[in-house]
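Fold and geometry: a report
Chain by chain, the residues:
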Amino acid sequence: MRRLFAFTLLLSFLVGCQTKETPSTGKTSNQSPAEKQLSYPIPVAATVGMVADLVTNVGGEYVTVTQIMGSGVDPHMHKASRDDVQMIMNADIVFYSGLMLEGKMADTLIKVSRNKPVFAVTELIDQKSLLEPEDFNGHYDPHLWMDVAAWSLCVDAVKDALTEVDPTHAQAYQKNATEYKKQLEILHEYGLKSTKSIPKDSRILITSHDAFNYFGRAYGLNVQGIQGISTESEAGLKRINDLVDMLVKKNVKAVFVESSVSKKNITALIDGAKAQGHEIKIGGELFSDAMGQAGTYEGTYVGMLDHNFTIVTRALGGNAPEKGMQGKLSH
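Every value quoted in this text rests on a predicted model; they were computed, and no experiment measured them. (Residues numbered from 1 in each chain as written. Predicted model: local features only at pLDDT ≥ 70, side-chain atom pairs only at ≥ 80, totals over all residues. Heavy atoms only, no water.)

1. What to know about the pattern of salt bridges
Two side chains of opposite charge can pair, provided their charged atoms sit close to one another. One pass over the full model with this rule turns up 3 salt bridges. A salt bridge links D156 to K181; the nearest nitrogen and oxygen atoms lie 3.0 Å apart. Here D156, found in helix α5 (residues 148-165), pairs with K181, found in helix α6 (residues 170-196); they are 25 residues apart in sequence, far enough to count as distant. The residue E179 makes a salt bridge to K175 at a minimum N-O spacing of 2.8 Å. You can see E179 and its partner K175 sitting in helix α6, 4 residues apart, about one turn around the helix. (Salt bridge = Lys/Arg side-chain N within 4 Å of Asp/Glu carboxyl O. Helix = DSSP H or I, 4+ residues; strand = E, 2+ residues; numbered from the N terminus.)

2. Focus: the sheet that holds strand β2 (residues 63-67)
Hydrogen bonding along the main chain pairs the strands of a sheet, whether they run parallel or antiparallel. Strand order in this open sheet of 4 strands is β2-β1-β3-β4, and the pairing throughout is parallel. Two strands bound the open sheet, and with one partner strand each, they are β2 and β4 (118-120). Within this sheet the neighbouring strands show an average axis-to-axis angle of 25 degrees, counted without direction. Bridge analysis of strand β3 (residues 93-96) against β4 gives 3 bridges, and the strand direction is parallel. Bridge assignment links Y96 to a residue of β4, and that residue is A120. Where helix α3 (residues 82-90) meets the sheet, its contacts fall on β1 (42-46), β2 and β3, and the angle it forms with β1 comes to roughly 145 degrees. (Pairing = 2+ DSSP bridges. Axes fitted to C-alpha atoms, helices over the stretch in contact; angles between N-to-C directions. Contact = heavy atoms within 4.5 Å.)

3. Observations concerning the side chain of D166
With respect to the element layout, D166 can be found in the loop between α5 and α6. At a separation of 2.6 Å, a polar atom in the side chain of D166 contacts the side chain of Y40. Residues in contact with D166, not counting those within four places in the same chain, are L38, Y40, I42 and Y173. (Polar contact = N/O pair within 3.5 Å; in protein donor to acceptor, adjacent residues only side chain to side chain.)

4. Some remarks on helix α2 (residues 49-59)
For α2, the tally of buried residues reaches 9 of 11 residues, placing the bulk of the element in the interior. Here α2 has its buried residues at G49, M50, V51, A52, D53, L54, V55, V58 and G59. In this structure, the buried residues of α2 make contact with β1, β2, β3, α5, α6 and α10 (301-315). A positive backbone phi angle near 60 degrees is found at G60, which sits one or two residues after α2. (Buried < 20%, exposed > 50% of the residue type's maximum accessible area, 1.4 Å probe, protein only.)

5. Overview of unusual backbone geometry
In the segment running from Y40 into P41, the intervening peptide bond is cis, with an omega of -5 degrees. As for its placement among the helices and strands, P41 is situated in the loop between α1 (2-14) and β1. Phi angles above zero are rare outside glycine, and M100 is one such case at about 70 degrees. On the secondary structure map, M100 appears in the loop between β3 and α4 (106-113). Of note, N251 is a non-glycine position whose phi angle comes to about 55 degrees, a positive value. Of note, N251 is situated in the loop between α8 (237-249) and β7 (254-258). With relative accessibility at 41%, the residue N251 sits in the partly exposed group.

6. With respect to the confidence of the model for the chain
Per-residue confidence for the chain gives a mean pLDDT of 84, with 84% of residues at or over 70. The secondary structure element of the chain with the lowest average pLDDT is α1, at 38, and the one with the highest is α6, at 98. Low pLDDT, under 50, characterises residues 1-35; the predicted model gives this stretch 68 contacts beyond four residues in sequence or across chains. Note that residues 229-233 has pLDDT below 50 and, in this model, 23 contacts with residues that lie over four places away or in other chains. (pLDDT = per-residue confidence, 0-100.)

7. Concerning the environment of M77
Turning to its location among the elements, M77 is positioned in the loop between β2 and α3. It is 6.9 Å that separates the C-alpha atoms of M77 and K104, two residues lying 27 residues apart in sequence.

Next up, the structure:
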């Protein structure tokens, strides 16, 4: 099964990823944990901040996590650099999101998986719960972390992976996973409560690209992205004009930029609406494919979503504390 997964992923990459990707089936390496002596804390490499945060919380004192893509980096466009490869080679375990989020790194991950454990954190997600947008060539939407309840399922995937590689500390990984899932449950409830307070006619979320479809589904918002799921896609003039007409017709007051995506298309929307006599403001900057700066509250997954829930709710006329659910937001 492990060899089949690696072959399937490589084949899909070589043919231009024209077939639907399925979540990883687990460890892609043929090397057993017993074949390599572990040292603590275990050096781990993780592709994006949301994945690094999962591993940090579940692994606790027994892991040290190196994040490959930092704040503001677009994972859709990122190609593995020499430094990235060195980070991966220095790690004993590698974690990535999956669902083609890191599509340009696919060949690197495959090569590494021949010599060390490589895991996709989305491996336990039921495909029936995944979104499959019509304009994404048969692939699933990879932005699962925008639904906190769904992303919480990835905690178990990380726990199982660490336990497989390091069964000695299985009990600690289980304890950490349970505690972290409780934090995510509180976060999810805050998201439901805050977004529910947005007036019905104002529940329209316009963003730079389609990273918020799971967010909209989970928290009851009509999400419209200017670009497609991947930031590689270009926003056509017709798409922008259609969105301008909708903004004017529905009297939408705010649109949102993203921390890892160019603001030019949002600016085009604002200018287009202004030309029709409708003033629109930027409701705030949301975190989509990357978290905030390392070392800040927004640089954690909980802080990232707390920020998004709070900014969206307040900008669209709902009720949420200015500093978020824990009073820690810096924006």
